[in-house]
Amino acid sequence: MTTRSMANSTNMPNSTVKSTPINDVLKETELGGFIGKYKIQLAVGICAVIVAFIGVASYLHFKSEKEKEFASAVFQFEEGSFKSFKEGKINPEEFIKSLNDLEKQVTFFSGAVPILLQSSDLLAKKSLKAEAISILNTLRINLPRDAFFQRYFLLARLAALYEDQGDFAASVSVLEELHSLPYKVYESRVYLDLGRLYLKTNNIEKAKSSFQYVIDSGNDTDLAQIARLYMAGIK
């Protein structure tokens, strides 16, 4: 009987062994010890990553929804006020108000740039050049600095409008900004225009340098010929 009792006792280890606390189990390995020691910090770190992921996803969703809203506003303006003003169905004051409202609504939205440029062209065509300059200057401030090609076409328009208004110093300033852009488009034409405007602002040395560049670059023989004529006329 004693033997049977001992056998039964030996065959039932689970009834006598106590469960090991999880911290003791973790400490049995080096990694487990590290996790056990810093489990709170790790939990906080994991939560931070999850929160950041959710935040990025929410931002992208919000940005997508806002861009849809901006695109809709641009379309409504193009089909409404822009088209009506182009056809002479509304007066300049109504159009400019609608245009200003659009600029405020879609600030920094690159998808609005084409219609804003077209609007400035339309204003200039209808002899509202001061208003066109105002629209372009607002866009100039809000346009991202890395939107080089959009900025080029904006500045080219603005320089021409300032020159038409007789503000040669402002036109020079705009063309110099245009010339500083990292991507060069119609560079010889920019130098020729700068040369002309430097002459008008009595900056003779810079005018000569600009015309000489057009001549030496050989990019456009017609522009080079015009530059030579200007150079010949400089005393």
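Structure first, text after, so check above.
These notes cover the structure that comes with them. (Residues numbered from 1 in each chain as written. Predicted model: local features only at pLDDT ≥ 70, side-chain atom pairs only at ≥ 80, totals over all residues. Heavy atoms only, no water.)

Below, the discussion takes up the packing of aromatic side chains. As enumerated under the stated definition, the model contains 7 aromatic pairs in all. Put simply, the rings of F77, F82, F85 and F95 pair up and form one aromatic cluster. The cationic tip of K126 hangs over the ring face of F85; the distance from NZ or CZ to the ring centre is 5.0 Å. (Phe/Tyr/Trp six-rings, centres within 6.5 Å; stacked < 30°, edge-to-face > 60°. Lys NZ or Arg CZ within 6 Å of the ring centre and 35° of its normal.)

What follows covers the layout of surface pockets. Reported here for the largest pocket is a volume of approximately 230 Å³. Lining the largest pocket are 14 residues; nearest its centre among them are A156, A160, L175, R189 and D193. Of all elements in the fold, only α7 (148-164), α8 (168-179) and α9 (187-200) reach the threshold of two or more residues within the lining of the largest pocket. Its residues assigned to classes, the lining of the largest pocket comprises 9 nonpolar, 1 polar and 4 charged. (1 Å grid on protein atoms, 1.4 Å probe; cavity = no way out; pocket = protein on both sides within 12 Å on 5 of 7 lines; lining within 4 Å. Points joined across faces, edges and corners; volume = space filled by probe spheres on them. Helix = DSSP H or I, 4+ residues; strand = E, 2+ residues; numbered from the N terminus. Nonpolar A, V, L, I, M, F, W, Y, C, P; charged D, E, K, R; others polar.)

Mapped onto the fold, S81 is located in helix α3 (residues 30-86). The class of S81 is buried, set by a relative accessible area of 18%. A distance of 2.8 Å separates polar atoms of two side chains, one belonging to S81 and the other to S98. Look past the residues within four positions of S81 in its chain and what remains in contact with it is Q76, I90, F95 and S98. (Buried < 20%, exposed > 50% of the residue type's maximum accessible area, 1.4 Å probe, protein only. Polar contact = N/O pair within 3.5 Å; in protein donor to acceptor, adjacent residues only side chain to side chain. Contact = heavy atoms within 4.5 Å.)

All right, on to empty space enclosed by the protein then. Over the atoms rolls a probe the size of a water molecule, and in doing so it shows where empty space is left. Across all of its chains, the model carries 2 cavities of 30 Å³ or more by this definition. Its volume calculated, the largest cavity comes out at about 110 Å³. Counting only elements with at least two residues in the lining of the largest cavity, the list comes to α5 (113-125) and α6 (129-142). When contributions to the lining of the second largest cavity are tallied by element, the ones reaching two or more residues are α8 and α9. Residue composition of the lining of the second largest cavity, grouped by class: 5 nonpolar, 1 polar and 2 charged.

In this section: the nonpolar core. Counting 55 residues, the largest nonpolar core has F95, L102, V106, L123 and L154 as the members making the most contacts within it. When near neighbours in sequence (up to four residues on either side) are disregarded, L123 contacts F85, F95, I96, L99, L128, K129, E131, A132 and I135. (Core = buried A, V, L, I, M, F, W, Y, C linked by side-chain atoms within 4.5 Å.)

Its place among the elements puts E187 in helix α9. Along the chain, E187 and N219 lie 32 residues apart, while their C-alpha atoms are 8.7 Å from each other. Excluding its chain neighbours within four sequence positions, the residues that come into contact with E187 are H179 and Y213.

This brings us to unusual backbone geometry. Non-glycine residue S127 carries a positive phi angle of around 65°. Mapping S127 onto the fold places it in the loop between α5 and α6. In this structure, N202 takes a positive phi of about 60° despite not being glycine. With respect to the element layout, N202 can be found in the loop between α9 and α10 (204-217).

Bringing the environment of D216 into the picture now. Assignment of secondary structure puts D216 in helix α10. Judged by relative accessible area, D216 falls into the exposed class, the value being 58%.

Among the surface-exposed residues, F149, F153 and Y183 lie close enough to one another that they form a single nonpolar patch of about 330 Å² accessible area. Secondary-structure assignment places F153 in helix α7. By relative accessible area, F153 is classed as partly exposed at 41%. (Patch = residues over 30% accessible without salt bridge, like charges linked within 9 Å, V, L, I, M, F, W, Y side chains within 5 Å. Areas by Shrake-Rupley, 256 points an atom, 1.4 Å probe, with all protein chains shown as cover. Salt bridge = Lys/Arg side-chain N within 4 Å of Asp/Glu carboxyl O.)

Let us now look at the pattern of salt bridges. For the coordinates displayed, the defined rule picks out 11 salt bridges. Where K89 meets E87, a salt bridge forms, and the shortest distance between an N and an O atom there is 3.0 Å. Its salt-bridge partner being R157, residue D121 comes within 2.9 Å of it at the nearest N-O pair. You can see D121 sitting in helix α5 and its partner R157 sitting in helix α7, a full 36 residues away along the chain. The network of salt bridges with shared partners includes E163, R189, D193, R196 and K200.

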